[in-house]
Number of protein chains: 2
Amino acid sequence: MPEYSSTFSAESYFSTQPPPPSLEHDIAGVKEFVRRQKERGRNVVLVTSGGTTVPLELNVVRFLDNFSAGTRGATSAEYFLKAGYAVIFMHRQFSLQPFSRHYSHSTNPFLDFLEIELDIEGPSASVVSDEASAASQICVTPNKREALLEVLTAYKAVHAAGTLHTLTFVTVNDYLWLLRAVSQELSVLRRKAMYYLAAAVSDFFLPRQKMSEHKIQSGKGSLHIEMDQVPKILKPMVDDWTGKDGFVVSFKLETDPSLLVPKAQTSLQRYGHQVVIGNDLNRRKFEVVFISWKYALPPSSTSDGTNTTESNSPFAESWLRIDPHDHSKEIEEKIVAELVKKHEVWVAGAETL
Amino acid sequence: MPEYSSTFSAESYFSTQPPPPSLEHDIAGVKEFVRRQKERGRNVVLVTSGGTTVPLELNVVRFLDNFSAGTRGATSAEYFLKAGYAVIFMHRQFSLQPFSRHYSHSTNPFLDFLEIELDIEGPSASVVSDEASAASQICVTPNKREALLEVLTAYKAVHAAGTLHTLTFVTVNDYLWLLRAVSQELSVLRRKAMYYLAAAVSDFFLPRQKMSEHKIQSGKGSLHIEMDQVPKILKPMVDDWTGKDGFVVSFKLETDPSLLVPKAQTSLQRYGHQVVIGNDLNRRKFEVVFISWKYALPPSSTSDGTNTTESNSPFAESWLRIDPHDHSKEIEEKIVAELVKKHEVWVAGAETL
């Protein structure tokens, strides 16, 4: 066991932190899914979604979490599926998923739109007797039917076609091990693989060596938590795990608008992947900025036209917006359309090399 | 504004930390609900459920969380409703709720058991054409119907009777303000009010004065978080907010089994309420221990008979267990039955004073 170090590289991370017990089983499933998509010549996107946790104890009672309902990832996954992609949906357990996201138990509980109908004549539909229960139908109320029919039809089509594969993570450790292994599996698809990293990943963590077995007792006056930085994995991901051919899209979430574009540009420069999507926490549902390379990929026509690129800058900057008051629209529709176009160019690029 | 102090009493907490914006609206709803139940002479139980968060920034990206799916609270609420109680279900937003808890999108997604049925003759039920969609029914598949019918019937009955009132919290600050205000509203019910405190409440928090506005930047080598203790609110709750007449049940969750009974007893001694339910993290789904006062409330016959009380101890200790392999049973059924009996004695006790 290597000596404990307080600064982890990706390499020292994986050699000191234990893999999750389900890893082998999870990867066997991914391998099979990828094999099937390769046979069909389908593009595959890995969508990561939701926040990762940092447990503070081995018997987890308390943990540090990153705020993320999973809206971006779950919504985008639906549009990728609609666009004909196969999707590996790697999400935080219990966070939003494609399709079921429309029916949150808190905001749109499905029990509210089910009616009990009796198959026999006589008693009114709202009376359920013992003799009747065996012959009852439970159906969706008419005014909810149309919206649900659309979601349900898409859901069933995706299941029939086998184009959605779902994985879950909880801790940042689960996430890192899974991300590496899934990327390595997807690398066989070369340029046809996209990586859409929408998960909210912990920046800091508690190495196993620092964790205590039992619940931290709260008798003391105050609690001090000292945490180490999670190694940046975009570099090994781009340079190594994805086989250098993958189309990698990362996200930058900021609360200070003035930091958004500079930090997104810095990230793209540092890691050399394809796109950074920047979003301001308070505007993310109706506005995002695409930072990409000016010369590898020409600006697309689905952006709203404000292509502000300085002549000396290697970066292209493209803002996508929707009307914040139009609740029938989702910005992920524009995001995915833009990425599908860029990915198409990327895949075609392989043929011209 | 009082000078910043690192040790908070309940009093200094409420005078330095701001109430949640929704408090007034939430309490108006509770007031009305309690008034209606008082008219009907119904017992009311406040069930708190799920974990509280401690935001680390004002624009919340990271937060400290307490592990709790809300199973205990959501399951108990269903049994309390079944026993004829009115329930105020005060839970962590998006955690499990009574009834919908059976249909987690992850483990039992409802979209899987809906079928599209055409109202017209001809096309098979699995083919949906444009002309047909307007005349389609969406119904539950036969093999899922019976189980869902039971849940749905109970759900509709509770809604018709108006015996379930739901509130949500996210942060420990929301929780504390809400708990105090709801308890004060319930105090008008005197002994008919029960308080079932199953929520996993943060022991430590970051006072507003210590929080930064923007996302903590992860450029530094390591992250230090220094937190203050959340004031213990059981004391003001028992002595003050509940009007001294409420039947208060608290929980103790431990990972070290040897600490379970001693800590539960210490808690009951310290706060003078009615019951502490102790549970070991790894055994909580099939075993709990009730610590109560030996002489105020005689042991009930629903416990499994292992009433181990030492002659000098003022405490009664009663273990409730179910078979861990029998997945048709839920321990909350026993917990609630035991509490209903104890509460009945408590309510009757008022009439003999």
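Only a predicted model underlies this, so the values are computations on that prediction, with no experimental measurement involved.

Draft legend 1. Just the interface of chain B and chain A, in detail. Across the boundary between the two partners, chain B contributes 67 residues, which contact 66 residues of chain A. Overall, the association of chain B and chain A removes approximately 6,500 Å² of surface from exposure, summing both partners, and the carbon and sulfur fraction of that is 58%. The interface formed by chain B and chain A holds two salt bridges in total. Run the count over chain B and chain A and you get 16 residue pairs in polar contact (both at pLDDT 80 or more). Sorting the residues of the side of chain B that touches chain A by element identifies β3 (62-66), β5 (114-118), β6 (136-140), α5 (142-161), β10 (222-229), β11 (247-254) and α8 (257-271) of chain B as the ones contributing at least two each. Its residues assigned to classes, the side of chain B that touches chain A shows 30 nonpolar, 21 polar and 16 charged.

Draft legend 2. Representation of the sheet that holds strand β7 (residues 164-169) of chain A within the structure. All names here are of chain A. Here eight strands make up an open sheet; going across it, the order is β7-β4-β1-β8-β11-β12-β13-β14 and the pairing mixed. Each end of this open sheet is capped by a strand with a single partner; those strands are β7 and β14 (315-321). Averaged over all neighbouring strand pairs, the angle between strand axes comes to 15°, with direction disregarded. Summarising the sheet, strand β1 (residues 44-49) and strand β8 (residues 193-197) pair through five bridges and their orientation is parallel. Following the sheet pairing, V45 is matched in β8 by M194. Contacts from helix α3 (residues 71-82) reach β1, β4 (86-92), β7, β8, β11 (247-254), β12 (275-280) and β13 (287-293) within the one sheet, and its direction differs from that of β4 by about 170°.

Draft legend 3. Structural view of the packing of aromatic side chains. Residues and elements named next belong to chain B. Following the criterion strictly, the structure yields 31 aromatic pairs over all chains and no others. Ring centres of F80 and Y196 lie 5.3 Å apart, and the angle between their planes is 80°; on these two criteria the pair is classed as edge-to-face. With F80 in helix α3 (residues 71-82) and Y196 in strand β8 (residues 193-197), this pair connects stretches of sequence that are 116 residues apart. Comparing F80 with Y196, the two get one shared label, buried. On the basis of an interplanar angle of 80° and a centroid distance of 5.7 Å, the ring pair of F99 and Y155 is categorised as edge-to-face. Of the two residues, F99 is situated in the loop between β4 (86-92) and β5 and Y155 in helix α5; the sequence distance between them amounts to 56 residues.

Draft legend 4. Structural context of the environment of P98 of chain A. All names here are of chain A. Within the secondary structure, P98 sits in the loop between β4 and β5 (114-118). Classification of P98 as buried rests on a relative accessible area of 5%. Separated by 53 residues in sequence, P98 and V151 have C-alpha atoms that sit 9.5 Å apart. Setting aside residues no more than four positions away along its own chain, P98 makes contact with A74, A77, E78, F89 and L164.

Draft legend 5. Examining the sheet that holds strand β10 (residues 222-229) of chain A more closely. Taken together, the four strands give an open sheet; going across it, the order is β9(A)-β10(A)-β10(B)-β9(B), and neighbouring strands pair in antiparallel fashion. The open sheet has two edge strands, β9 (204-205) of chain A together with β9 (204-205) of chain B, and neither has a second partner. Relative to β10 of chain B, β10 of chain A runs antiparallel, the two sharing seven bridges. The residue bridging H224 of chain A from the neighbouring strand is E226 of chain B, located in β10 of chain B.

Cut-offs used in this document
- Residues numbered from 1 in each chain as written.
- Chains lettered and ligands numbered in written order.
- Predicted model: local features only at pLDDT ≥ 70, side-chain atom pairs only at ≥ 80, totals over all residues.
- Heavy atoms only, no water.
- Contact = heavy atoms within 4.5 Å.
- Buried area = accessible area lost by both parts, 1.4 Å probe.
- Salt bridge = Lys/Arg side-chain N within 4 Å of Asp/Glu carboxyl O.
- Polar contact = N/O pair within 3.5 Å; in protein donor to acceptor, adjacent residues only side chain to side chain.
- Helix = DSSP H or I, 4+ residues; strand = E, 2+ residues; numbered from the N terminus.
- Nonpolar A, V, L, I, M, F, W, Y, C, P; charged D, E, K, R; others polar.
- Pairing = 2+ DSSP bridges.
- Axes fitted to C-alpha atoms, helices over the stretch in contact; angles between N-to-C directions.
- Phe/Tyr/Trp six-rings, centres within 6.5 Å; stacked < 30°, edge-to-face > 60°.
- Buried < 20%, exposed > 50% of the residue type's maximum accessible area, 1.4 Å probe, protein only.

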